[in-house]
Amino acid sequence: MTSQQQNAQIPEEILRRWETRGVSRRDFMKFCSVMTATLALPMTMMGRIAEAIEADNRPSVIWMEFLGCTGDTEAFLRANEPTATAIILDYLSIDYHETLMAAAGHQAEAARRQTMEKYKGKYIAIVEGSIPTVEGGIHCTIGGNSALNITREVCGNAAATIAVGTCACFGGIPAAAPNPTGAISVSKAVPGATVLNLPGCPLNATNLTATIVHFLTFGKLPATDNLGRPKFAYGKRIHDNCERRAHFDAGQYAEGFGDAGHRQGWCLYKLGCKGPETFHNCPTVRYNEGTSWPVQSGHGCIGCSEPQFWDTMTPFYKRLPNVPGFGIEATADKIGLGIAAATAVAFGAHGVVSALRKDDSGPHEKED
Ligand code: SF4
């Protein structure tokens, strides 16, 4: 499809209105195009997305943070598709966010209560960080109320809840063994609520934006896998779209950081890359304005978007138990939790031929 054809799908008056707000038609077109592609929708949907964003239906948002590092807020603030300022002002009404709001103390808590009353059953709850449960949840309280109570109250009355980052989705680092605070995920804290998980350390802000755009366009959250993650973002493994995949298939592996193979961009599997068992769209969406992602910058994937990654993906710099050779037909629904052990069993008999050939292997192509 040519850019002219794409241009024709977005009504001229919408493009003009965004121009008057300081967003060029090129940037708005690019935004709609990125959202359409991220959601894996046909490009013919661009116009509908543009109209949904333009419509005056800004949902109210209550963003809460509990046991987390604020990395997801930081990622959100650095969103460039469009900027966080545009998101806040133009198509979201963020009525409560401890890091971003001007109000503090009693004023802030009053704003949360007012938002809940005014938009009961209609607002979006966003949760960052996990929720401690031991000793009545005293390890995280706000205004004298426990995170557990606040989560149940806010998420229980929301139209939908979006858990951002691995801590909110699966407990994350606070829930790593021995988990002294009894930290749990949002979906465990509020089992009856509709919760969509956007794991990652931090989440990719483009996926959050795309989820909200989907909600605005279709009036519902996108389809998810069995772990509550949207399929558009977590439907494929890192390994499926990795730019180093050709080197994996050719048996060309970096053996150490800084060696010749590493400098030539060879596969990081032997340096502990967990890409073969991690579901995320990092290779296609990337971070930092789409410029790079961990594997591109030379570090193996640590599997941060998988449940209990801190316990199940460590040691990070040790290779997976066996050469994974599964194809792209496997999905998150089929694999799921406890995958490291399953990988070893399922692929022990396969191996990658080029990695096992001893006669034709160069210095970086030998099997361990
Ligand atoms: S093992 Fe890691 S670096 Fe190698 S192709 Fe797979 S995802 Fe990429």
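Shown above is the structure to which this text applies.
Only a predicted model underlies this, so the values are computations on that prediction, with no experimental measurement involved. Think of each chain on its own: its residues are numbered from 1, step by step along the sequence as written. Confidence filtering applies because this is a predicted model: local features only for residues at pLDDT of at least 70, side-chain atom pairs given and counted only at 80 or more, and all residues used for totals across whole chains, interfaces and linings. The side-chain figures draw on all heavy atoms in the structure; neither hydrogens nor water molecules are used.

Colleague: So, the overall build of the protein chain: which residues are in play, and what are the values?
Modeller: A run of H or I in DSSP becomes a helix once it reaches four residues, and a run of E becomes a strand once it reaches two; helices and strands are each numbered from the N terminus. What the protein chain contains, in helices and strands, is 20 helices and seven strands. Every one of the 368 residues in the protein chain was classed for burial, and the buried ones make up 54%. Whether two residues are in contact is decided by their heavy atoms, any of which lying within 4.5 Å being enough. A separation threshold of at least 6 residues defines the contact pool for the protein chain, and within that pool the share at least 24 residues apart is 73%. A simple rule labels every residue: compare its accessible area, found with a 1.4 Å probe on the protein chains alone, to the largest value its type can have, and call it buried under 20%, exposed over 50%, or partly exposed in between.

Colleague: Just give me the short version of the site of the ligand, but keep the residues and values in it.
Modeller: Every one of the 13 residues lining the ligand counts as a neighbour, but His239, Cys242, Cys267, Leu268 and Cys273 are closest to it. Contributions of two or more residues to the shell around the ligand are made by α13 (238–241) and α14 (245–249). The residue classification treats Ala, Val, Leu, Ile, Met, Phe, Trp, Tyr, Cys and Pro as nonpolar and Asp, Glu, Lys and Arg as charged. All others, Gly included, are polar. In terms of residue class, the shell around the ligand is made up of nine nonpolar, two polar and two charged. Distances are taken per atom, and a residue is near a molecule or strand as soon as one of its heavy atoms is within 4 Å of it.

Colleague: Describe the pairing of strand β1 (residues 60–65), with residues and values.
Modeller: Strand residues, when the strand is regular, have side chains that alternate between the two faces of the sheet. Among the six residues that make up β1, six are buried, leaving the element largely enclosed by the rest of the structure. Side chains of β1 alternate between two faces, with Ser60, Ile62 and Met64 and Val61, Trp63 and Glu65 buried alike. Think of it this way: DSSP has to see at least two bridges between two strands before they count as a pair. As paired strands, β1 and strand β2 (residues 93–97) are joined by four bridges and run parallel to one another. The partner of valine 61 across the bridge, within β2, is isoleucine 94. Judged from the five bridges that link them, β1 and strand β3 (residues 124–128) form a sheet pairing that is parallel. Along β3, the bridge assignment pairs tryptophan 63 with isoleucine 126.

Colleague: Mind laying out the pairing of strand β6 (residues 160–164), listing which residues take part and the relevant values?
Modeller: Among the five residues of β6, five are classified as buried, and the element is accordingly described as predominantly covered. The side-chain alternation of β6 yields two buried faces, one formed by Ala160, Ile162 and Val164 and the other by Thr161 and Ala163. Where β3 and β6 come together, five bridges link them in parallel fashion. Note that in β6 the partner of glutamate 128 across the bridge is valine 164. Across four bridges, β6 lies against strand β7 (residues 195–198) in parallel orientation. Paired with valine 164 across the two strands is leucine 198, which belongs to β7.

Colleague: Before we move on, can you summarise the packing of aromatic side chains with the specific residues and values?
Modeller: Pairing of aromatic rings covers Phe, Tyr and Trp, the last counted by its six-membered ring, and requires centre-to-centre distances within 6.5 Å; plane angles under 30 degrees mean stacked, over 60 mean edge-to-face, and any other angle means tilted. Throughout the structure, instances matching the rule amount to nine aromatic pairs. Judged by centre distance (6.0 Å) and plane angle (85 degrees), the rings of phenylalanine 248 and tyrosine 253 are edge-to-face. Each of the two residues, phenylalanine 248 as well as tyrosine 253, counts as buried. By the ring-pair criterion, three or more aromatic residues cluster together here, those being Phe248, Tyr253 and Tyr269.

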